[in-house]
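# Understanding the architecture of this molecule
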Amino acid sequence: MTEPTPLVRPVARLTGAAALALIHAAERDAAARGLRVAIAVVGDTGQEIATYCMDGSGPQAARVARKKAYSAVAYGMPTDEFHEQTHERFGPDGAAMLTAAVEGTMLLGGGVPVVVDGSVLGAVGVSGGRGEQDRAIASAAIHEVLGASAGAGGASDGGHPPR
């Protein structure tokens with residue numbers, strides 16, 4: 001006979017200190033690129049842990065960064081990769097349909113999940129540059145703070161399938 005499924009399980013979570021470290025690392029990377037961005041960090045359930053707007057970032061940037069981070073957690077992969085998958089699966093209007101149907105979803109580049117030991121612990125969302133710049137900033141912050149052991153999700157870098 002099989003063991004019953006446990007009713008509780010231990011869960012690793014990003015701490016507030018980790019969120020602040022991710023924001024500071026992203027800020028340094030963005031400044032080195034000459035960009036003024038907003039950075040958001042969410043936990044494993046999409047809850048906001050911290051958001052920061054660099055001086056000169058746009059008025060919409062914080063909201064967009066939070067949506068990118070939320071989407072990266074919700075779908076378990078970088079937002080630009082999920083956008084490509086929805087385009088392939090549902091056609092050119094796939095991403096628009098998904099963002100209209102699922103409140104809080106943003107599939108522009110710049111949302112990157114924080115994956116440690118195969119588990120999505122949260123995500124970093126960046127808004128203010130081009131999508132590929134925003135993703136690079138988020139990925140660099142994750143790598144700086146959590147090291148090479150932390151993946152950035154997605155099929156192209158040994159990441160995590162969507163949930």
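Located above this text is the structure these notes cover.
Residues numbered from 1 in each chain as written. Predicted model: local features only at pLDDT ≥ 70, side-chain atom pairs only at ≥ 80, totals over all residues. Heavy atoms only, no water.

### What about helix α1 (residues 16-32)?
- In a regular helix each residue adds 1.5 Å, so 17 residues correspond to 24 Å; α1 covers 24 Å between its end C-alpha atoms and thus fits that length.
- All of the buried residues along α1 are Ala18, Ala19, Leu22, Ile23, Ala25, Ala26, Asp29 and Ala30. Taken around the axis of α1, the buried residues stretch over an arc of 170 degrees, which confines them to a single face. Facing away from the buried side of α1 by over 90 degrees, the exposed positions are Ala17 and Ala32.
- Buried residues belonging to α1 abut β1 (38-43), β2 (48-53), β4 (119-127) and α5 (131-146). (Helix = DSSP H or I, 4+ residues; strand = E, 2+ residues; numbered from the N terminus. Expected span 1.5 Å × (residues − 1). Buried < 20%, exposed > 50% of the residue type's maximum accessible area, 1.4 Å probe, protein only. Arc of directions from axis to C-beta. Contact = heavy atoms within 4.5 Å.)

### Considerations on the packing of α1 against α5
- Running from N to C, α1 and α5 point in directions that differ by 130 degrees, and their axes come no closer than 8 Å. By the criterion of interaxial angle, the relationship of α1 to α5 is oblique. The two elements α1 and α5 cross, and the hand of that crossing is right-handed. Contacts between α1 and α5 involve Ala18, Ala21, Leu22, Ala25, Ala26, Arg28, Asp29 and Ala30 from the first element and Ala136, Ile137, Ala140, Ala141, Ile142, Glu144 and Val145 from the second.
- In the contact of α1 with α5, the residues fall into 12 nonpolar, no polar and 3 charged. (Axes fitted to C-alpha atoms, helices over the stretch in contact; angles between N-to-C directions. Parallel < 35°, antiparallel > 145°, perpendicular 65-115°, else oblique. Left-handed = near helix turned anticlockwise from the far one by under 90°. Nonpolar A, V, L, I, M, F, W, Y, C, P; charged D, E, K, R; others polar.)

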